[in-house]
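# Remarks on the overall topology
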Amino acid sequence: MRLGASTACFYPLETEKALKEVCLLGFEKAEVFFNAPSELEEPFAKKLGNIAESYGTEIISVHPFSSFLESSCIFTDYKRRYDDFIGIYERTCHACAVMGAKYVVIHGAVAVPKIPIPDERYFSRFNKLIEIGKAEGVQVCQENVNKFKSQSIDFCKKMRNALGDDFKMVFDIKQTVRAQEDTFAFLQEFKKEICHVHLSDNGKDGDCLPPSKGSFDFKKFKSILDDADYKGDCVIEIYSKNYDVDKELKESKDYLEKLWQL
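Structural notes, computed from the coordinates. (Residues numbered from 1 in each chain as written. Predicted model: local features only at pLDDT ≥ 70, side-chain atom pairs only at ≥ 80, totals over all residues. Heavy atoms only, no water.)

### Concerning the sheet that holds strand S5 (residues 139-143)
Definition in use: At least two DSSP bridges between two strands are required for those strands to pair. A run of DSSP states H or I qualifies as a helix once it reaches four residues; a run of E qualifies as a strand once it reaches two. Both are numbered from the N-terminal end. Every axis in this analysis is a line fitted to C-alpha atoms, fitted for helices over the stretch in contact. Angles between the N-to-C directions lie between 0 and 180 degrees. Here, two residues are considered to be in contact whenever any of their heavy atoms come within 4.5 Å of each other.
Pairing is parallel around the closed barrel formed by 8 strands, whose spatial order is S1-S2-S3-S4-S5-S6-S7-S10. The mean angle between the axes of side-by-side strands here comes to 30 degrees, regardless of whether they run parallel or antiparallel. Relative to strand S3 (residues 58-63), strand S2 (residues 29-33) is paired through 5 bridges, and the arrangement is parallel. Looking at the pairing, Phe33 lines up with His63 of S3. The strands touched by helix H9 (residues 218-227) within the sheet are strand S6 (169-172), strand S7 (194-199) and strand S10 (233-236), with S7 carrying the most contacts at an inclination of about 170 degrees.

Given below as structure tokens:
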């Protein structure tokens, strides 16, 4: 397991500049959070790949800019809208492959949409996303996200049953806290399906703190992953409006590497 950081930590810095910041901090892994349709074009993806390669950093995952559209445009009951928007995910998966990344991170549908989304449609459409990813040699994964269907352990169990071996999860600590789920119960339940992790700390000062600034039990967290023979990586994902990001990421990196003996 190796540590990384998400370009989302530096938002709204332009994606290529944010990636360079992650690389300059010495992270071995990076997640690219796309922020505009033009960033999905192959020349831009190649540019990002070249930036990472020049610093010896591996881009491990990507996040579509279009998460806010997914309820109404991917999981919609209006088929024509789905047909018009699915191309965004074809381009996202292709960009992921061009950069040599492994995972595309999906938020999915909100927990309480204005028009109900049956679970069967959700699973069917998500399976289509998985098929698009497979065609590019990448894995499309469900992230657990507060206020989305995936915030719930029970919903994710249903999804796992529906998708079988194709169900893979990106596990985000802060999202379990915000959803008032038991982080370690969630982790235990899906430890065999988790392929990628978003790290943050939490405590009396907030639910999205830099690792080492809260009270989260990172030793217990890693122990559960070790017991599951976890083969993935972990990226720090915090938000720049609250921190001196470079300083906090460097301190978090040093803290976790020492704590986890990486």
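### Observations concerning the pairing of strand S9 (residues 206-209)
Note that strand S8 (residues 201-203) and S9 share 2 bridges and pair antiparallel. Note that in S9 the partner of Gly203 across the bridge is Gly206. Hairpin geometry of S8 and S9 is characterised by an intervening segment of 2 residues between the two adjacent antiparallel strands.

### Digging into the environment of His196
Basically, it comes down to this: Accessibility here uses a 1.4 Å probe with only protein chains present; expressed as a share of the type maximum, an area under 20% marks a residue as buried, one over 50% as exposed, and anything in between as partly exposed. Whenever a nitrogen or oxygen atom comes within 3.5 Å of another N or O atom, the pair is scored as a polar contact, on the condition that within protein one atom can donate a hydrogen and the other can accept it, and that pairs from neighbouring residues in sequence are kept only if both atoms are in side chains.
Mapped onto the fold, His196 is located in strand S7. The class of His196 is buried, set by a relative accessible area of 0%. Along the backbone, His196 and Asp254 are 58 residues apart, and their C-alpha atoms lie at a distance of 20 Å. Engagement of the side chain of His196 in a polar contact is seen with the side chain of Glu31, the distance being 3.3 Å.

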